[in-house]
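# Analysis of the macromolecular model
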Amino acid sequence: MALTQVSSNKCCGGFQKVFEHNSSELKCRMKFGIYLPPKAESSKCPVLYWLSGLTCTEQNFITKAGSQQAASEHGLIIVAPDTSPRGCNIEGEDESWDFGTGAGFYVNATNEPWKTNYRMYAYVTEELPRLINAHFPADPEKMSISGHSMGGHGALICALKNPGKYKAVSAFAPICNPMQCAWGQKAFSGYLGSEKTAWEAYDATVLAGSYSGPQLDILIDQGRDDQFLSAGQLLPDNLIAACTEKKIPVVFRLQQGYDHSYFFIYSFINDHIKHHSKYLNA
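Keep in mind that this is a model prediction, so the values were computed, not measured. (Residues numbered from 1 in each chain as written. Predicted model: local features only at pLDDT ≥ 70, side-chain atom pairs only at ≥ 80, totals over all residues. Heavy atoms only, no water.)

### What about the overall build of the protein chain?
From N to C terminus, the protein chain includes ten helices and nine strands. A compact globule built from 282 residues should have a C-alpha radius of gyration of about 19 Å, and the protein chain, at 17 Å, falls within 12% of that. With respect to the three principal axes, the spread of C-alpha positions in the protein chain is 50 × 40 × 35 Å. Counting only contacts in the protein chain whose residues sit at least 6 apart along the sequence, the fraction spanning at least 24 positions is 73%. Here the protein chain has roughly 11100 Å² of accessible surface; of this, 48% comes from carbon and sulfur atoms. (Helix = DSSP H or I, 4+ residues; strand = E, 2+ residues; numbered from the N terminus. Rg over C-alpha atoms; globule rule 2.2 N^0.38 Å. Contact = heavy atoms within 4.5 Å. Areas by Shrake-Rupley, 256 points an atom, 1.4 Å probe, with all protein chains shown as cover.)

Here it is as structure tokens:
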């Protein structure tokens, strides 16, 4: 599958690049950011996949999170895809910020008119890793996943639905129980229909309750002053309760004074990269 390089910038001894390609899952052109550490010039490196939140593109993380220095030091490739298909000419795709463009919610849609293009779960877990492993010095046996908000939801479900595939998972302010919050209910009803059993397949709290697989160590950072926490969109307590019940180890850190922004992510990204490196470089 052909890749087109969109940009390349030397950064922390390695290169921050953006590529574009035709996606077979999403039936459109897609961009992703990739950081290649200095180590990638001489050997294969583990890959950390980063999933961004509502309204984001591949640019938000690579320009705002400050992840490159730690990735360079730990020898990690970081791949940051876009958050939805783009330009599919589906009626209503650009009508709201929390559904459609920029809001793929990392599900495989089953409802018309979304089901042909809105297959972000398959894109992130299958197509993108195949592409990265084929074109870059990536170690296909060593991958992990992280994300923010909607992307934190995405990271958690990808890890919980695929025991053993990802060596570690972490999240910033994830949507932990989408079946029980307004964002999730809007997205799931639109993409998946009204049948709640279909929703359960993409809800981290439900998935944690039935998880059976290798030990998965979860790191979650949550800002105490996050407006979406107080609005009941994130619901971390529900996930923590499910993980406790199943004895899934979770380090949950409530960070005093921090909000939902990339300033929060920038403040703690090094801890997350260290968390992933511990398992990826073991």
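After that view of the structure, there is still more to cover.
### Points about the packing of aromatic side chains
Going through the model one piece at a time under the given rule, you end up with 19 aromatic pairs. Centre to centre, the rings of Phe 99 and Tyr 191 are 4.3 Å apart; their planes meet at 25 degrees, and the pair counts as stacked. Placement of the pair is Phe 99 in the loop between strand 5 (77–81) and helix 3 (120–135) and Tyr 191 in helix 5 (residues 182–192), with a sequence separation of 92 residues. On the accessibility criterion, Phe 99 (10% relative accessible area) is buried. With 5.4 Å between their ring centres and 20 degrees between their planes, Tyr 118 and Tyr 191 make a pair best called stacked. A residue pair is termed long-range when its members are at least 10 positions apart, and Tyr 118 in the loop between strand 5 and helix 3 and Tyr 191 in helix 5 qualify at 73 residues. The ring of Phe 15 is capped by Lys 17, whose NZ or CZ atom sits 5.1 Å from the centre of that ring. (Phe/Tyr/Trp six-rings, centres within 6.5 Å; stacked < 30°, edge-to-face > 60°. Buried < 20%, exposed > 50% of the residue type's maximum accessible area, 1.4 Å probe, protein only. Lys NZ or Arg CZ within 6 Å of the ring centre and 35° of its normal.)

### What to know about the side chain of His 272
On the secondary structure map, His 272 appears in helix 10 (residues 262–280). Reaching out from His 272, the side chain makes a polar contact with the side chain of Ser 170 at a distance of 2.8 Å. In contact with His 272, other than residues within four places in its own chain, are Ser 146, Ser 170, Ala 171, Phe 172, Leu 219 and Asp 221. (Polar contact = N/O pair within 3.5 Å; in protein donor to acceptor, adjacent residues only side chain to side chain.)

### Looking at the environment of Phe 172
Examined against the element boundaries, Phe 172 turns out to sit in strand 7 (residues 169–172). With 90 residues separating them along the chain, Phe 172 and Tyr 262 place their C-alpha atoms 9.7 Å apart. Those residues within four positions of Phe 172 in sequence are excluded, and the remaining contacts are Trp 50, Gly 147, His 148, Ser 149, Asp 221, Phe 264, Ile 265, Phe 268, Ile 269 and His 272.

### Overview of the sheet that holds strand 6 (residues 138–148)
In spatial order, the strands read 1-2-3-5-4-6-7-8-9; together these nine strands make up an open sheet with mixed pairing. Two strands close off the open sheet at either side, each with one partner strand: strand 1 (3–11) and strand 9 (250–255). Neighbour to neighbour, the strand axes of the sheet diverge by 20 degrees on average, direction disregarded. Sheet analysis places strand 1 next to strand 2 (residues 14–23), joined by eight bridges and oriented antiparallel. Looking across to strand 2, one finds that Thr 4 is bridged to Glu 20. Across the sheet, helix 10 is in contact with strand 4 (45–51), strand 5, strand 6, strand 7, strand 8 (218–223) and strand 9; its angle to strand 7 comes to roughly 175 degrees. (Pairing = 2+ DSSP bridges. Axes fitted to C-alpha atoms, helices over the stretch in contact; angles between N-to-C directions.)

### Focus on the side chain of Asn 117
Position of Asn 117 among the secondary structure elements: in the loop between strand 5 and helix 3. Looking at Asn 117, the relative accessible area reads 10%, which means it is buried. Looking at Asn 117, its side chain comes within polar contact range of the main-chain oxygen of Leu 26, at 2.9 Å. Once residues within four sequence positions are removed from consideration, Asn 117 is found in contact with Glu 25, Leu 26, Lys 27, Pro 85, Cys 88 and Ile 90.

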